[in-house]
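Understanding the architecture of this molecule
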Amino acid sequence: MAFFGHHMCRAFSSSAFRSVAIKHVVIIGGGQMGAGIAQVAASTGHQVTLVDTSDAILTKAVKGIEASLKRVVKKKFADKPEAGVAFIEKALRNVSIATDAAAAVQSADLALEAIVENLKVKQDLFSVLDKTAPAHTIFASNTSSLPIGDIASATSRLDRFGGLHFFNPVPMMKLVEVIGTSATSQETFDSLMNFSNALGKTSVSCKDTPGFIVNRLLVPYMLEAVRLHERGHGSKEDIDVAMKLGAGYPMGPFELLDYVGLDTAKFILDGWSAMEPTNPLFSPSPLLNKLVADGKFGKKTGEGFYKYK
Ligand SMILES: C[C@H](O)CC(=O)SCCNC(=O)CCNC(=O)[C@H](O)C(C)(C)COP(=O)(O)OP(=O)(O)OC[C@H]1O[C@@H](n2cnc3c(N)ncnc32)[C@H](O)[C@@H]1OP(=O)(O)O
Ligand SMILES: NC(=O)c1ccc[n+]([C@@H]2O[C@H](COP(=O)([O-])OP(=O)(O)OC[C@H]3O[C@@H](n4cnc5c(N)ncnc54)[C@H](O)[C@@H]3O)[C@@H](O)[C@H]2O)c1
């Protein structure tokens, strides 16, 4: 199968389902992305259920949301601290937590996953949710690199399945990539666009090609930086300073890889390398592999290319 050949054209199938006004969102995965999406959805008046595998993870996620909300209001309500407190309380009231995704989706308008970047695990999740979610519930994935159509294939609601790709840190990054597959209905696509806009984001429509727009450009760039360093052609620190001051990027490529998560970066690269083994942009990096094997996933584990403790 050609890497960029499939899922290219999106014909809108007619559907018995109208565009859905998304009010209750179930977000599966309470890590960096899931928690960030939950925060923004709750802040914009949506009812959110955040799902993960344990209460301990969920408690940490809610603490992270609270800390991030405090940073947001420090700027947004700089002159009105009381309004800031009310904003935080209102947002937190909109968030509930759960460990049973199949039960949580029974009242969902949208089920959005932000779990581990693994096709089989995402397919298994949606195949279970497909059985308990009402007919009108739209399914969406926040995948960084996998074809949405491949994830959707595990369900019977191909017309009500799309992609919503957010960026880290979600409260700060203004873009969402909205993805329809060849089977996504116009109504579903419109609902996803409306939801993204309701979150205050700028939305772009993307084809269902691996990496969509941003990651197809950003991931090869970050990996080229690692390879440049592996060749001995620059220190991590110098490369980061060079790209910040010479290209105006807010973070250098090593800082950004640590911020994204090296485990996620490796999942992306390994998946693309399996699809196109001869593409040099997707060739493996021994340094990245070693850091991941050592459990050094970046900022979230306290160490990656740099140390954070
Ligand atoms: C791989 C995936 O599929 C796709 C991806 O997501 S790729 C990654 C995309 N993301 C990027 O490229 C991020 C690049 N970095 C940046 O844009 C910026 O460095 C940044 C917005 C993260 C931080 O801004 P910066 O000015 O550099 O640093 P910093 O001083 O820490 O933050 C400034 C302010 O931003 C706000 N802020 C930053 N992170 C925040 C968060 N998580 N929550 C709320 N507010 C936040 C705060 O107001 C903060 O001020 P504070 O420290 O007083 O609270
Ligand atoms: N990190 C980024 O910059 C970024 C940006 C956009 C998209 N993404 C994508 O978002 C997804 C999540 O990335 P992240 O950085 O938040 O990862 P993360 O490691 O911070 O969080 C993943 C969370 O999912 C939970 N989880 C795993 N399997 C689960 C399951 N079956 N059911 C419920 N919960 C489960 C884990 O316990 C963890 O809390 C990935 O698909 C990733 O590619 C990541």
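Residues numbered from 1 in each chain as written. Chains lettered and ligands numbered in written order. Predicted model: local features only at pLDDT ≥ 70, side-chain atom pairs only at ≥ 80, totals over all residues. Heavy atoms only, no water.

So, on to the overall build of the protein. Scanning the protein for helices and strands turns up twelve helices and eight strands. By principal-axis analysis of the C-alpha atoms, the protein measures approximately 55 × 55 × 35 Å. Considering the protein as a whole, with its 309 residues, one finds that 50% of them fall into the buried category. Here the analysis covers contacts within the protein between residues at least 6 apart in sequence; of these, 68% occur between residues at least 24 apart. Total accessible area on the protein is roughly 14,300 Å²; 59% of this is exposed by carbon and sulfur atoms. Across the protein, the centroid of the 33 positively charged side chains sits 4 Å from that of the 30 negatively charged ones. (Helix = DSSP H or I, 4+ residues; strand = E, 2+ residues; numbered from the N terminus. Buried < 20%, exposed > 50% of the residue type's maximum accessible area, 1.4 Å probe, protein only. Contact = heavy atoms within 4.5 Å. Areas by Shrake-Rupley, 256 points an atom, 1.4 Å probe, with all protein chains shown as cover. Lys, Arg positive; Asp, Glu negative; His and termini not counted. Charge placed at Lys NZ, Arg CZ, Asp CG, Glu CD.)

In the numbering used here, UniProt assigns the feature "site: Important for catalytic activity" (unreviewed entry) to H165. Along the polypeptide, H165 turns up in strand β6 (residues 161-165). Residue H165 is classed as buried on the basis of its relative accessible area, which comes to 3%. When sequence neighbours within four positions are dropped, the list of residues in contact with H165 reads N142, T143, S144, L175, V176, E177, I179, F212 and N215. (UniProt positions renumbered as here; feature names shortened; annotations may be inferred.)

Moving on to the nonpolar core. In this structure, L110, L164, F166 and F195 are the most contacted members of the largest nonpolar core, which totals 38 residues. At seven residues, helix α1 (residues 32-43) tops the list of elements feeding residues into this core. What F166 contacts, discounting residues up to four positions off in sequence, is M33, I37, L112, N142, L175, V176 and L199. (Core = buried A, V, L, I, M, F, W, Y, C linked by side-chain atoms within 4.5 Å.)

In this model helix α11 (residues 262-275) runs 20 Å from its N-terminal to its C-terminal C-alpha over 14 residues, within 8% of the 20 Å that 1.5 Å per residue would give. Within α11, burial applies to L262, D263, T264, A265, I268, L269, W272 and S273. In the core, the buried residues of α11 are packed alongside α8 (214-230), α10 (253-260) and α12 (286-293). (Expected span 1.5 Å × (residues − 1).)

Per the UniProt record, "domain: 3-hydroxyacyl-CoA dehydrogenase C-terminal" (unreviewed entry) is found at residues 211-308. Annotation note: span residues 211-308, helix share 60%, strand share 0%, distance between end C-alpha atoms 28 Å.

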